[in-house]
2 protein chains.
Amino acid sequence: MVTAQAAREKARTGARRGGREENERLILEAAEAVFAELGFKGATTGAIAERAGLPKANVHYYFPSKDDLYRAVMARVLDRWLAAASSLDDSDDPKDALTRYIAAKMELSRAMPLGSRIFASEIMRGAPAITDHLETTLADWVARRGAIVRRWIAEGKLAPVDPKVLFYMIWATTQHYADFARQIEVLNGGRPLSDEQFAEATRQVARTILRGVLA
Amino acid sequence: MVTAQAAREKARTGARRGGREENERLILEAAEAVFAELGFKGATTGAIAERAGLPKANVHYYFPSKDDLYRAVMARVLDRWLAAASSLDDSDDPKDALTRYIAAKMELSRAMPLGSRIFASEIMRGAPAITDHLETTLADWVARRGAIVRRWIAEGKLAPVDPKVLFYMIWATTQHYADFARQIEVLNGGRPLSDEQFAEATRQVARTILRGVLA
DNA sequence: GCCATTGTTGACCAAACGGTCAGGGCCATA
DNA sequence: TATGGCCCTGACCGTTTGGTCAACAATGGC
């Protein structure tokens, strides 16, 4: 059973066109772009299908409803974020830890701005699809990392600051470079930030926040 | 002509039900709430009408198209923001000026979170309705206030920092309390920030950013 | 070659949408 | 009380939408 299934799975991963794996990936990528640009309601399964290069009915074959597809996209986004979130480690040195974390979040905004925008839209809608994620995974993260920040403060390494205020400032500032990329582009003379400009912004953001909270 | 019109206008502002002024206000307020929650496409003229307590056809009487209504809402939002934006004045003391500005932006996020969310959605859609506003009014603002920041730096009052990086940090952090209020609420145990909590957050945000950029 | 499973798709449908319109109500002026 | 200018709205319309379905490949085990 398992072997037969595995063999079938393996056969499918060849150079052949289509197939579950590739089509699901195509659809999820298209959906991410369309949801990010038009929001949940504005995105149409037709537009997603067109962007994926598939007929609309085929999209509904893999993802029965628009809501299912949306949740699958959100799950992918949250997974990727979780990986980056671990870069705020329990180091002895808050300077290194925070610098790494800010850099990781900025990198994520640079490499995957669409996910950040979908997340922002989801929160602004009242987070109907991810409330439980916020209540469990994220609340856990904040509690754990908040304790670390408080320890740093107790050790005299950090100025006294509510960990949440610090986290919100980091999240807001770094995600701003993804969510408001269009505004930043216009204020940059109509051109998106170059790699150098973005790297410089990353450095300055990290430096400013660190000056703000280091003891 | 003018006097007759003025008299009619005055008569209309009495206790009477309906009338252009009141209905337009009702519609704009309802539209602000619905656009903020559902986005441009997700908001329906029917939902806006229902929230305003008016028939849908009446909404279309005052605002011929959904797009007209949306632009009217955006104009109101931008007007209110412009007023707050002036609180970053050309003071000798960057500490006072930035503190005032951050407090004004936080106050705006507290009092009018809906406008902030509509603005965020608009930017994430690519800012089709306000690109010219960004290119003119906002670009002007940034140029002018950026010059002030650079002067402060030259005078040794501020650490060297790209004014835009500073502005983005202030905008992102303060607007975060409006746009991500739902997330903040969940991480606050399911209750919105109290007035005291919000005031404390305002203080800490201002203090942290000031430590970050003051020389 | 046969069959079961999986994948594919054009055509279709009910619901919801933005917007229209004709007909009527209201009120100040004459 | 007749007139003209706003204001109001139920009923309606064409289009778009998410979703369905029946018919039809394609594949792999036997």
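Basis of the calculations
- Residues numbered from 1 in each chain as written.
- Chains lettered and ligands numbered in written order.
- Predicted model: local features only at pLDDT ≥ 70, side-chain atom pairs only at ≥ 80, totals over all residues.
- Heavy atoms only, no water.
- Contact = heavy atoms within 4.5 Å.
- Buried area = accessible area lost by both parts, 1.4 Å probe.
- Salt bridge = Lys/Arg side-chain N within 4 Å of Asp/Glu carboxyl O.
- Polar contact = N/O pair within 3.5 Å; in protein donor to acceptor, adjacent residues only side chain to side chain.
- Helix = DSSP H or I, 4+ residues; strand = E, 2+ residues; numbered from the N terminus.
- Domains from an automatic or database assignment.

This brings us to the interface of chain B and chain A. Taken together, the contact between chain B and chain A spans 52 residues of the former and 52 residues of the latter. For the pair chain B and chain A, the two sides together bury roughly 4500 Å², of which 66% comes from carbon and sulfur. Looking only at chain B, the three residues that lose the most surface to chain A are Met 124, Tyr 168 and Leu 187 of chain B, adding up to 17% of its buried area. The interface formed by chain B and chain A holds zero salt bridges in total. Counting across the chain B and chain A interface gives 13 residue pairs in polar contact (both at pLDDT 80 or more). Put simply, the parts of the chain that give the side of chain B that touches chain A at least two residues each are helix H2 (20–42), helix H7 (113–124), helix H8 (131–154), helix H9 (163–179), helix H10 (181–187) and helix H11 (195–213) of chain B.

Residue and element names in this part refer to chain A. For chain A, the assigned domains read domain 1 (1–64) and domain 2 (70–214). With centres defined by C-alpha atoms, the gap from domain 1 to domain 2 works out at 29 Å. Opposite the nine residues of domain 1 that make contact, domain 2 presents ten residues. Buried surface at the junction of domain 1 and domain 2, both sides included, amounts to about 960 Å², of which 74% is carbon and sulfur. Connecting domain 1 to domain 2 are two salt bridges. Salt-bridge contacts for Glu 32 lead to Arg 80; the nearest nitrogen and oxygen are separated by 3.0 Å. Applying the counting rule to domain 1 against domain 2 returns two residue pairs in polar contact (both at pLDDT 80 or more).

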